[in-house]
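Structural description and commentary
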Amino acid sequence: MIGPIPSTVSRPTPGGTFPLSGRATPRIGYGMGQITRTATDAAGRENALAVLRHAFDLGITHYDTAQFYGNGLANELLRNTLGSVRDDVVIATKAGTKPLPNAPIPLGAAQTPFELREAVEQNLRTLDTDRLDIVNLRRMDFTPGLLAEGDQIVPFEDQLAEMTALRDEGKIVGIGLSHITLDQLRTALPAGIDCVQNIYNLVSRGDEDMLALCEKHGIAWVPYFPLGGGYGNLQKVIDLPSVIATATKLHATPSQVGLAWQLAHSPNTMIIAGTSRIDHLDENAKAARLQLGPGMISALELET
C-alpha cells in the first residue's frame, strides 16, 4: 500500500487538469477494466498492484472502476493499493449493471432505483470508503452492449431522482452518466452532472453534439473505448493509415496519437485508458506531451 503523501509535495498533472467531482484532476486517468483480466493469480495481482502504484507515481489520480470488473476484484485492488491516499484520488464507479460470474455473458442489468442504491452501497463496502467521488449511471437503451428488458426498462427520471438522493445523503459526490442520448443529457442538466461516458474516439464521433453540450456546461467528457475496438467488430483507431503515418512522423505510437487527438479535440476530455503493463502505462501518460499541429489534426479528422 502507498504511504501517506505530504500535502506540500508537488505532483505531476499528466495532460493538465479539468474539474471532476469538484477537484482539479489530471486529464490522464486510469481505467480498471483491463487489469482484472490478468490479476487472476498471485503473480497477476502483484503485477496489478505495481501498475497501480506506478500510475499514482506518474500523477494519475482519476481511477475508473466498477463492482462488476472482475466481480469485485477491481475495487479490491484499488482499496489495497490506494487506501492510504484515498483523499488524493478521485474514484469513479458505475451503477446500472451487476456481475453474473457464471453466465455466458457475465453481466446483467441492474437498472431499478433500488438496484442503483444497492450498487452504491456495495461499492462503498468493497472500496472501504465513506463516499464515491463519481457514480456513473449506466443506461441500457441501445447497442452496442446489453439492452434492458422487462422490469429493467426503467424511466430515466426515476433513476436520476435516486442518484440525486444518494448525492444529497453524501454517499455520492458527483453524478455521471454513461451510454446516454443527447435528450437524456438535456433532461439531466438541471440536476447537476459531473461527467458523461459514451463511446467516442477518432473513428466513432457520432456524439459531437453531446460533447459540445458538455463543453457549454463545464461537464467532463470521459470517453470509453478511447482508441476504438472494445466490442468485437468496432473499428480501432490504431489501424487508421493517417494515425500510423502521424505516429511515424512524431516518433510516437499509434495509440499515443489516438489519445493525443482526444486531448486536443476538447479541453473537457479526460482519458481512462487501461493497461496491465507498466511500459504501456508510461506510453499512455506520455501521449499528453504529444503536440499535434493543425495540419496533423486536419489529416486525422479528414480520414474519418
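So, here is what we can say about the structure in this document. Bear in mind that the values here come from a model prediction, so they are computed numbers and not experimental data. (Residues numbered from 1 in each chain as written. Predicted model: local features only at pLDDT ≥ 70, side-chain atom pairs only at ≥ 80, totals over all residues. Heavy atoms only, no water.)

**Thoughts on the pattern of salt bridges**
Two side chains that carry opposite charge are able to pair once their charged atoms sit near each other. For the structure shown, the criterion picks out 16 salt bridges. Arginine 131 is the salt-bridge partner of aspartate 133, the closest N and O atoms lying 3.9 Å from each other. We note that aspartate 133, like arginine 131, is buried. Salt-bridge contacts for arginine 186 lead to aspartate 183; the nearest nitrogen and oxygen are separated by 3.1 Å. Of this pair, arginine 186 and aspartate 183 are both found in helix 5 (residues 182-188), three residues apart, which corresponds to roughly one turn of the helix. With relative accessibility at 52%, the residue aspartate 183 sits in the exposed group. (Salt bridge = Lys/Arg side-chain N within 4 Å of Asp/Glu carboxyl O. Buried < 20%, exposed > 50% of the residue type's maximum accessible area, 1.4 Å probe, protein only. Helix = DSSP H or I, 4+ residues; strand = E, 2+ residues; numbered from the N terminus.)

**Some points on the sheet that holds strand 9 (residues 172-178)**
Taking strand neighbours across the sheet as the criterion, the seven strands line up as 3-4-5-8-9-10-11 in an open arrangement whose pairing is parallel. Of all strands in the sheet, those with a lone pairing partner are strand 3 (30-31) and strand 11 (220-221), marking the two edges. The pairing of strand 4 (residues 62-64) with strand 5 (residues 90-95) spans three bridges and is classified as parallel. Of the residues in strand 5, the one forming a bridge with histidine 62 is valine 90. (Pairing = 2+ DSSP bridges.)

**Brief notes about unusual backbone geometry**
Note the cis peptide between threonine 143 and proline 144, where omega equals 5°. Here proline 144 lies in the loop between strand 8 (132-138) and helix 4 (156-168). Phi is positive for aspartate 128, which is not a glycine, with a value near 55°. Assignment of secondary structure puts aspartate 128 in the loop between helix 3 (113-127) and strand 8. In this structure aspartate 128 comes out as exposed when scored by relative accessible area, which is 63%. Positioned with a positive phi, histidine 251 is a non-glycine residue whose angle comes to about 55°. As for its position among the elements, histidine 251 is in the loop between helix 7 (241-250) and helix 8 (254-265). Of the residues examined, histidine 251 reaches a relative accessible area of 77% and is grouped as exposed.

**A closer look at the packing of helix 1 (residues 42-57) against helix 9 (residues 278-286)**
Closest axis-to-axis distance for the helix 1/helix 9 pair is 10 Å, and the angle between their directions is 25°. Regarding the angle of helix 1 to helix 9, the classification is roughly parallel. For the crossing formed where helix 1 meets helix 9, the hand is right-handed. Within the contact between the two elements, helix 1 uses Ala50, Val51, His54 and Ala55 and helix 9 uses Ile278, Leu281 and Asp282. In terms of residue class, the contact of helix 1 with helix 9 is built from five nonpolar, one polar and one charged. (Axes fitted to C-alpha atoms, helices over the stretch in contact; angles between N-to-C directions. Parallel < 35°, antiparallel > 145°, perpendicular 65-115°, else oblique. Left-handed = near helix turned anticlockwise from the far one by under 90°. Contact = heavy atoms within 4.5 Å. Nonpolar A, V, L, I, M, F, W, Y, C, P; charged D, E, K, R; others polar.)

All we've got here are geometric facts, nothing functional implied.
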